[in-house]
Amino acid sequence: MTENQLSLNTKLKQKPKTWIINWTITLLFSLFFIYSISDSSINWRSVETFITNFPNTIRRFLNPDWDWLFGLEIYKFSQSVIYFSIETLAIAFVGTIIGAILALPIGVLASKNITGNKTSKVSDFVLILIRTFPEIVLAIILIGLVGPGAFAGAITIGIHSIGMLGKLYSEAIENMDKGPIEALDAVGATTFQKLRYAVVPNVMPDFLSIILYRFDINIRSSFILGFVLAGGLGAPISYASSERNWEGISAIIIAIMVMVLSIEYISTKLRKKLV
Amino acid sequence: MIKFENVSKVYPNGFKALKDINLEIHEGEFVAIIGLSGAGKSTLLRTINKIHDITSGKLYFDHVDVSTIHGKDLRIFRRNIGMIFQSFNLVKRMSVFKNVLAGRVAYHSTFKTLFGIFPKSDQILALEALDKMGILDKAFERADRLSGGQMQRVALARALAQEPKLILADEPVASLDPITTLSVMDDFQRINKEFGITIITNMHHVDLALKYASRVIGIKEGRIVFDGKTSEVTEAVLENIYGRKLTKDEVLEKAEVVL
Amino acid sequence: MAKSYVLPNGKVIKKPTNLNWVYFLIVLILFIYALTWTPITVYNIKFDRFFTLIRQLFTPQNGRDWGDYFSYTIEIWTPFMETIRTSFAGTAIGAIFAIPVALISANNLIKIKWINETTKFILSLVRTMPIAIIAVLVAAFIGFGNTAGTIAVSVFSFGILAKMIYESLETIDMTPLEALDATGATTLQKIHTAVIPQVKPILISYFIYVFEINIRASVILAYVGAGGIGQILRENLGPLEWYNRDKAGLIIILLTVMVVILNYSSNAIRRKLQ
């Protein structure tokens, strides 16, 4: 064989290896998948009732409980879905801002280019711990401390947000343009002036964008915390569901959709302006 | 104004960036430093405003030993020296005006500048600097909305706002297109002649250096191999500095070459 | 109210009003208003109750010692795996449905605008639902349990993955597709040859990312009744079970460890893929 053919042959022989790896991974994946869905428990009686009641359920579902939504007729405003929705929003808002402020020092500490390797790795680890501690459990602990209600929810969201916000802050700081810092060095600025005139204006739009993004996510967290009585829509939907109150569930879904979509819309618009 | 006496700089990894530099630069001069990439041009420039420290020899600025300047005096020292960078080094999301004002920070204490409030005189000074560079109308636009040449002019305005005696320029036109390059170099020349500010600049394009500078310094492997008037530069001198005949991108296309 | 500057040489320039202060004030006012909705229930703060809870969570209770924790870990292995399986299956099912929908939504593959826009809008509606609400809805139909959990995770993952995938699809290099067009390839062939190879690494990294989210979400789901480790956690945390709280504490620690490991390994895998 010529030299060319020899080297082609070696290359061809190398190729099957990636094939084997690909197929093995796909096989393992599929096996694990089948294993995962094998143990499904379906409450068949519940499914039966569901199927027989389907048309009725759908009809009820399409007839949302407007009174409950707006707090009319027999419902006081403070019992209405809208009331709880605003509460959910407020909890998320307060929590996000608390988290945003508290995460600043930790985010700065976790940035390699400001504090160096050791401190930043330790701070990063702390942030990961905060981030992965289950929010619901945090909520329960805090309810034990300050009692149930919106305040506990807000603090839970605040503390939990520190984890993610701190990480994103440090990423923004590590990615920032270093040129202006050198320029201000040459101008004779103190460290603080360098921070104020080269670092802050550079990263502030990024920070604001990160905070808006987090607010969006926190609204959903706020719902979930309601399940453990930390205020908001979580509790009403839990009750409505167990009572099979389709009109009520429908009303709640409308409220959720309107709220989340509008906040998402506003947030996207604002974030575009910040770039 | 500036005096190098047997200055050397060795980096911690052993690399000898500057070897035995002896140099005197006087007020009002327009000096161009040329040489291959990595020859030591940037290092030389940055030892003047003490961004890099020298490892041996003495460096004097206005008869003061630079290595003795620390802390608060360092700030006062640096505010008299403006620096222009190849990548402009402006804060992109800030307005042009605020970028220029940032040049004044060394004139105020940290506390005063905390809230971003500068005295009216500083603000007028900044606007005047912009006016001198011909871009007053862009004062309140975001810095990243400007063209390359305009951004470099903002950088120049920032340097002017410092009311400096000297401006150091590290490849100031390397990122600009040929026509903008010429107009920015014209600005440098104007600053030098009208305001009497000393200019020391690194250049990649030899013909530009020859066109605008009154004095040329050639650096090769950390040593000065030529130091004299522009008129004294011959092709043989250039070949010595670069170790070979010039390549095409060391000569600017549309500029005139004065040899 | 905007001032003007007058320069010594006579030129005048207007200073633009700084809107930043206005924005800051708006946010401040909104914040104070929001605070009225989250009354600080300071009178309820009982520090001793708090510290008791912490102690109950993280020290052995009810005659147990540290060694018993090991056997308890084995005990809860099954529900633990249940949670992982629900997350995995849900992510996978969501991904299977997300890929074709994303292909339709991407505005550079099927270039029919009303199809693109409608699917994107429907996806955004799906994404508004927090996973717990989806779970509750599903459970209202078929009762709480693993299946409800898996379906909820699937729907949730579907929404997120579809968006991430179509956003990636819209940024791929179109030139191989044009080249294939010229050779007369069918749409499916084009997708298989030109699109999939470009997005495969990104898909894998998205899958891992959503899988991680779902593990954390599964705890919440299990908490509201969809089985798994969260159920046990909830039981052991309850007010009457104060003597079993240490079990709950162990679960919390194990969960945290698991997610941390997942986090680090998924970062490593993602970096290797790039």
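Quick notes on the rules
Residues numbered from 1 in each chain as written. Chains lettered and ligands numbered in written order. Predicted model: local features only at pLDDT ≥ 70, side-chain atom pairs only at ≥ 80, totals over all residues. Helix = DSSP H or I, 4+ residues; strand = E, 2+ residues; numbered from the N terminus. Buried ≥ 20, exposed ≤ 12 C-beta atoms within 10 Å, placed from the backbone. Contact = placed C-beta atoms within 7 Å. Core = buried A, V, L, I, M, F, W, Y, C linked by C-beta atoms within 7 Å. Pairing = 2+ DSSP bridges. Axes fitted to C-alpha atoms, helices over the stretch in contact; angles between N-to-C directions. Nonpolar A, V, L, I, M, F, W, Y, C, P; charged D, E, K, R; others polar. pLDDT = per-residue confidence, 0-100. Expected span 1.5 Å × (residues − 1). Parallel < 35°, antiparallel > 145°, perpendicular 65-115°, else oblique. Left-handed = near helix turned anticlockwise from the far one by under 90°.

Draft legend 1. Highlighting the overall build of chain A. Scanning chain A from N- to C-terminus turns up twelve helices and zero strands. If you list the helices and strands of chain A from N to C, you get α-α-α-α-α-α-α-α-α-α-α-α. Counting the 275 residues in chain A, one finds 42% classified as buried. Residue pairs at least 24 apart in sequence account for 68% of intrachain contacts in chain A once pairs closer than 6 positions are excluded.

Draft legend 2. Spatial organisation of the nonpolar core. Core analysis: the largest hydrophobic core is formed by 202 residues, its most contacted members being Val100, Leu130 and Ala209 of chain B together with Ala132, Ala135 and Ala152 of chain C. Per-element tally for this core: the top contributor is helix 7 (residues 146-169) of chain C, with 13 residues. In this structure Ala209 of chain B touches Ala32, Ile34, Met203 and Val216 of chain B, once residues within four positions along its chain are discounted.

Draft legend 3. Structural view of the sheet that holds strand 10 (residues 223-229) of chain B. Residue and element names in this part refer to chain B. Taken together, the six strands give an open sheet; going across it, the order is 6-7-8-3-9-10, and neighbouring strands pair in mixed fashion. Here the strands that pair on one side only, and so sit at the sheet edges, are strand 6 (81-84) and strand 10. The average undirected angle you get between the axes of adjacent strands in this sheet is 15 degrees. Strand direction decides the pairing type here: strand 7 (residues 166-169) and strand 8 (residues 198-202), joined by four bridges, are parallel. Bridge pairing links Ile167 to Ile199 in strand 8. Its contacts with the sheet put helix 6 (residues 148-161) on strand 6 and strand 7, and the angle it makes with strand 6 is roughly 170 degrees.

Draft legend 4. Molecular detail of the interface of chain C and chain A. Counting residues at the interface gives 48 residues for chain C and 50 residues for chain A. Within the residue set of the side of chain C that touches chain A, elements represented by two or more residues are helix 1 (20-37), helix 2 (47-58), helix 4 (77-105), helix 5 (113-128), helix 6 (131-142), helix 7, helix 9 (187-226) and helix 11 (245-273) of chain C. Each residue belonging to the side of chain C that touches chain A can be placed in one class, and the counts come to 33 nonpolar, twelve polar and three charged.

Draft legend 5. Spatial organisation of unusual backbone geometry. Residues and elements named next belong to chain B. In this structure, His63 is a non-glycine residue whose phi angle is positive, near 70 degrees. Within the secondary structure, His63 sits in the loop between strand 4 (56-61) and strand 5 (64-65). For His63, a count of 7 C-beta atoms within 10 Å corresponds to the exposed category.

Draft legend 6. Broad picture of the sheet that holds strand 4 of chain B. Residue and element names in this part refer to chain B. The sheet built from four strands is open, its strands ordered 2-1-4-5 with antiparallel pairing. Either end of the sheet is taken by a strand with one partner, and the two such strands are strand 2 (16-25) and strand 5. As judged from the five bridges shared by strand 1 (residues 2-10) and strand 4, these two strands associate in the antiparallel manner. Bridging from a neighbouring strand, Lys3 pairs with Tyr60 of strand 4.

Draft legend 7. Up close: the confidence of the model for chain B. Residue and element names in this part refer to chain B. Of all residues in chain B, 94% have pLDDT values of 70 or greater, and the mean over the chain is 86. This model gives residues 254-259 a pLDDT under 50, and the stretch forms twelve contacts once residues within four places in sequence are excluded. For this predicted complex, the interface score ipTM comes out at 0.85, alongside a pTM of 0.78.

Draft legend 8. Geometry of the environment of Ala148 of chain C. All names here are of chain C. You can see Ala148 is positioned in helix 7. On the neighbour-count criterion, Ala148 (30 C-beta atoms within 10 Å) is buried. Residues Ala148 and Ile134, spaced 14 residues apart in sequence, show a C-alpha to C-alpha distance of 9.1 Å.

Draft legend 9. Seen up close, helix 6 (residues 117-132) of chain A. In this model, helix 6 of chain A (16 residues) spans 22 Å end to end at C-alpha, consistent with the 22 Å of a helix rising 1.5 Å per residue. Along helix 6 of chain A, the residues that are buried comprise Ser123, Leu127, Ile130, Arg131 and Thr132 of chain A.

Draft legend 10. Inspection of the packing of helix 4 of chain C against helix 7 of chain C at higher detail. Residues and elements named next belong to chain C. Across the interface, helix 4 lies against helix 7 with an axial gap of 6 Å and an inter-helix angle of 40 degrees. In this view, helix 4 runs oblique relative to helix 7, as classed from their interaxial angle. The hand of the helix 4/helix 7 crossing is right-handed. Per-class residue counts for the contact of helix 4 with helix 7 are 16 nonpolar, eleven polar and one charged.

Draft legend 11. Expanded view of the interface of chain B and chain C. Contact with chain B, which involves eight residues of that partner, is made by five residues of chain C. Considering only residue class, the side of chain B that touches chain C consists of five nonpolar, one polar and two charged.

Draft legend 12. Representation of the packing of helix 6 of chain B against helix 7 (residues 178-195) of chain B in the model. Residues and elements named next belong to chain B. Interhelical geometry of helix 6 versus helix 7 gives an angle of 15 degrees and a closest axis separation of 10 Å. Looking at the two axes, helix 6 sits roughly parallel to helix 7. The way helix 6 lies across helix 7 gives a crossing that is right-handed. Of helix 7, the residues touching helix 6 (which contributes Gly148, Gly149, Gln152, Arg153 and Leu156) are Thr180, Ser183, Val184 and Asp187. Of the residues assigned to the contact of helix 6 with helix 7, the class counts are two nonpolar, five polar and two charged.

Draft legend 13. Examining the pairing of strand 2 of chain B more closely. All names here are of chain B. Pairing analysis gives six bridges linking strand 1 to strand 2, with the strands arranged antiparallel. For Phe4, the partnering residue across the bridge sits in strand 2 and is Leu23. In this antiparallel pair of consecutive strands, strand 1 and strand 2, the connection spans five residues, and Gly14 shows a positive phi of 100 degrees.

Draft legend 14. Examining the environment of His192 of chain C more closely. Residue and element names in this part refer to chain C. Note on placement: His192 falls in helix 9. The partly exposed category is assigned to His192, around which 13 C-beta atoms lie within 10 Å. Considering only alpha carbons, one finds His192 and Leu180, twelve residues apart in sequence, at a separation of 11 Å.

Draft legend 15. Local environment of the environment of Ile217 of chain B. Residues and elements named next belong to chain B. Take Ile217: it is sitting in strand 9 (residues 215-220). For Ile217, a count of 24 C-beta atoms within 10 Å gives the class buried. Through-space distance from the C-alpha of Ile217 to that of Arg79 is 25 Å; in sequence the pair is 138 residues apart.

Draft legend 16. Structural detail: the pairing of strand 4 of chain B. Direction of pairing for strand 4 of chain B relative to strand 5 of chain B: antiparallel, over a ladder of two bridges. Along strand 5 of chain B, the bridge assignment pairs Phe61 of chain B with Val64 of chain B.

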